[in-house]
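Results of the structural survey
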Amino acid sequence: MFNLPPVCFDMCSNARYLTLLLSHNGFSLMTEIAPPSVSNYVLEGKITAEQPLATCSKDLFDREGKKNQPTPVPHTQTALGKRLMFPSTGIRGTLRRRVRDVVRDRVIELTGNPQPFDLDTHFLLALGGIKGAGEEDKTSVMRIHEVRQKNPLLNLFGAGDAGTIGFLEGRLGMGNAICDDAMEPVIFSGARSDDVYRDPDQARFLSDADLLQLSERSMGNRELSRLKADLRKRNSDIYGALSRNADDAEVQAIREDVANIEAQMNEVREESGSKNSVGMPLAGWQAIPQGAVMSHRMIVRRASDVDMGLLLAGLDAWSLEPIIGAHVANGNGLVSAQWDLFEVTRKGKVLVGTVRCEPFSNAVLTGDGRLEGFVAAFDTFMADMNWDFNVPTKV
């Protein structure tokens, strides 16, 4: 057995060879491990909103959201002023799942197993894992290198909990999509109506008992609305009494009124079966307008041809269903996109090709053939069966 001292690494300028010094009984052994050639790449382009785009994080809603007001849409401050934006998290999460789909489909095709991943592996590939109380291994640099080579999805997107490895940084940096022009968000709103009262002909499809229940609920909702108004007034009276330093007896009397009104409301709900009114206005949401053009950038650091091939395969899968954000059922979320892909060399950025994604079509790759070479490298990697997409464990 070799005793491993602090490991000595010598990375060549072209990042092709990793030199490892091992020591045993005073003797030294120099071995070279040749990972795939890696480079840095940049994808720069535009994402176009073919439909309005809606999204809102909890943090944004907590800061800017208001009760009964449209849910806000993200914005940022640029050198040119305030701009609406679609956050990187929404784009990255969607793309990661499409890449997961590509990997899973290939594994199913190659193994014949229609359910190739267990639950933990599914969460690892789709979300980066779910941090638990499992044991972590202070694993070697070589083990991390092996995982990166055998699991290009983790190499690209990283993981918060990659099994015994723990945190693994992803090579793919996803930028926000920022609107080129200043614009106001479009606002969607509406109301939910009681279908039977809106269209009385629907009543003939209900039994007499159901119609009676409908009537009782309607009357209950009206009574609840009246009681809610009384409740708001008496709660306001409490603050007024406290602000003018009213005596305790007056404040206590108002509190008893509040408790009595709340009891009446519970009684109405119980007797009528009323919960929330069927007919009510909906707060709605803000969205980036349809037709908005957004600048976007992705940076891929130290990526192999296999990594880039998987990324392009993921963009191809995403192009067949290019939807991001919320309220898809209400005609939101569809986009198109185009990026120029550059390799970063010592002479600067060198154009490799262009990736164009039109809705519900395969991604179109143009250039001198290197993009197709990336895809072929990923195909060969999968066919060689030297991959491991499972949760990393001790070795």
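Scroll up a little and you will see the structure.
What comes next is a walk through the structure. (Residues numbered from 1 in each chain as written. Predicted model: local features only at pLDDT ≥ 70, side-chain atom pairs only at ≥ 80, totals over all residues. Heavy atoms only, no water.)

Some thoughts on the overall build of the chain
Here is the rule: Starting at the N terminus, helices and strands are each numbered in turn, a helix being any DSSP run of H or I of at least four residues and a strand any DSSP run of E of at least two. Only protein chains enter the accessibility calculation, which uses a 1.4 Å probe; a residue is then buried when its area is under 20% of its type maximum, exposed when over 50%, and partly exposed in between. By definition in these notes, contact holds between two residues if any of their heavy atoms fall within 4.5 Å. Methods summary: accessible areas were calculated by the Shrake-Rupley approach with a probe of 1.4 Å, and residue burial reflects only the protein chains presented.
In terms of helices and strands, the chain carries 10 helices and 14 strands. The 395 residues of the chain split such that 37% are buried. Across the chain, contacts joining residues at least 24 apart in sequence account for 69% of those joining residues at least 6 apart. For the chain, the accessible surface area stands at approximately 22500 Å², while carbon and sulfur atoms represent 51% of it.

Notes on the packing of aromatic side chains
As a reminder, the rule being used: For Phe, Tyr and Trp, rings pair up if their centres lie within 6.5 Å, where Trp contributes its six-membered ring, and each pair is then called stacked (planes under 30 degrees apart), edge-to-face (over 60) or tilted (otherwise). Placement of a positive charge over a ring is assigned whenever Lys NZ or Arg CZ falls within 6 Å of the ring centre and within 35 degrees of the normal to the ring plane.
Tallying each qualifying case throughout the model produces 4 aromatic pairs. Both rings, one in Trp318 and one in Trp339, keep their centres 6.2 Å apart while their planes meet at 45°; by these two values the pair is tilted. Separated by 21 residues along the polypeptide, Trp318 in helix α9 (residues 305-319) and Trp339 in strand β12 (residues 335-345) bring together distant segments of the chain. Positioned above the aromatic ring of Phe342, the side-chain terminus of Lys349 is 4.5 Å from the ring centre.

Looking at the side chain of Arg100
The topology assignment puts Arg100 in helix α2 (residues 88-111). For Arg100, a relative accessible area of 9% translates into the label buried. The contacts of Arg100, once residues within four sequence positions are left out, are His122, Leu125, Ala126 and Leu153.

Overview of the pairing of strand β13 (residues 348-357)
Here is the rule: Whether two strands pair comes down to DSSP finding at least two bridges between them.
In the sheet, β12 pairs with β13 via 9 bridges, with the strands oriented antiparallel. From the neighbouring strand, Phe342 faces β13, where its bridge partner is Leu351. Turn length for the β12-β13 hairpin, with the two strands adjacent in sequence and antiparallel, is 2 residues. In the sheet, β13 pairs with strand β14 (residues 364-367) via 4 bridges, with the strands oriented antiparallel. Opposite Val355, over in β14, you have Leu365 as the bridge partner.

With respect to the nonpolar core
We apply this condition: Within this scheme, the nonpolar core is defined by two criteria: the residues are buried Ala, Val, Leu, Ile, Met, Phe, Trp, Tyr or Cys, and they are joined through side-chain atoms within 4.5 Å.
Counting 60 residues, the largest nonpolar core has Leu95, Ile288, Val300, Leu315, Trp339 and Phe389 as its most contacted members. With 8 residues, α9 is the single largest residue contributor to this core. Look past the residues within four positions of Trp339 in its chain and what remains in contact with it is Leu43, Glu44, Gly45, Ile47, His296, Met298, Leu315, Trp318, Gly353, Thr354, Val355 and Cys357. If you look at the next biggest cluster of nonpolar residues, it comprises 12 residues, including Leu224, Leu231, Ala246 and Ile254.

Remarks on the packing of α2 against helix α10 (residues 370-383)
To keep it simple, the criterion reads: An axis is simply a line fitted to the C-alpha atoms; with a helix, the fit covers only the stretch in contact. Between two such axes, the angle follows the N-to-C directions and lies from 0 to 180 degrees. Here the angle decides the label: under 35 degrees means roughly parallel, over 145 means roughly antiparallel, 65 to 115 means roughly perpendicular, and every other value means oblique. By definition, any crossing whose near helix is turned counterclockwise from its far helix by less than a right angle is left-handed, and any crossing with a clockwise turn is right-handed. Residue classes follow a fixed rule: Ala, Val, Leu, Ile, Met, Phe, Trp, Tyr, Cys and Pro count as nonpolar, while Asp, Glu, Lys and Arg count as charged, and any other residue, Gly among them, counts as polar.
Between α2 and α10, the least distance of the axes is 10 Å, while the angle of their chain directions is 45°. With respect to α10, the element α2 is oriented oblique. For the pair α2 and α10, the sense of crossing is right-handed. In this structure, α2 uses Val102, Arg106, Val107 and Leu110 to contact α10, whose residues at the interface are Phe378, Asp379, Met382 and Ala383. Its residues assigned to classes, the contact of α2 with α10 shows 6 nonpolar, no polar and 2 charged.

Things to note about the pattern of salt bridges
Convention followed: By definition, a salt bridge exists where a carboxyl oxygen of Asp or Glu is found within 4 Å of a side-chain nitrogen of Lys or Arg.
Counting across every chain of the model gives 20 salt bridges. Where Arg104 meets Asp101, a salt bridge forms, and the shortest distance between an N and an O atom there is 3.1 Å. You can see Arg104 and its partner Asp101 sitting in helix α2, 3 residues apart, about one turn around the helix. Among the ionic pairs, Arg234 bridges to Asp237, the shortest N-O distance being 2.6 Å. Residue Arg234 and its partner Asp237 are located together in helix α7 (residues 208-243), separated by 3 residues, close to a single helical turn. Note on Asp237: relative accessible area 21%, which makes it partly exposed.

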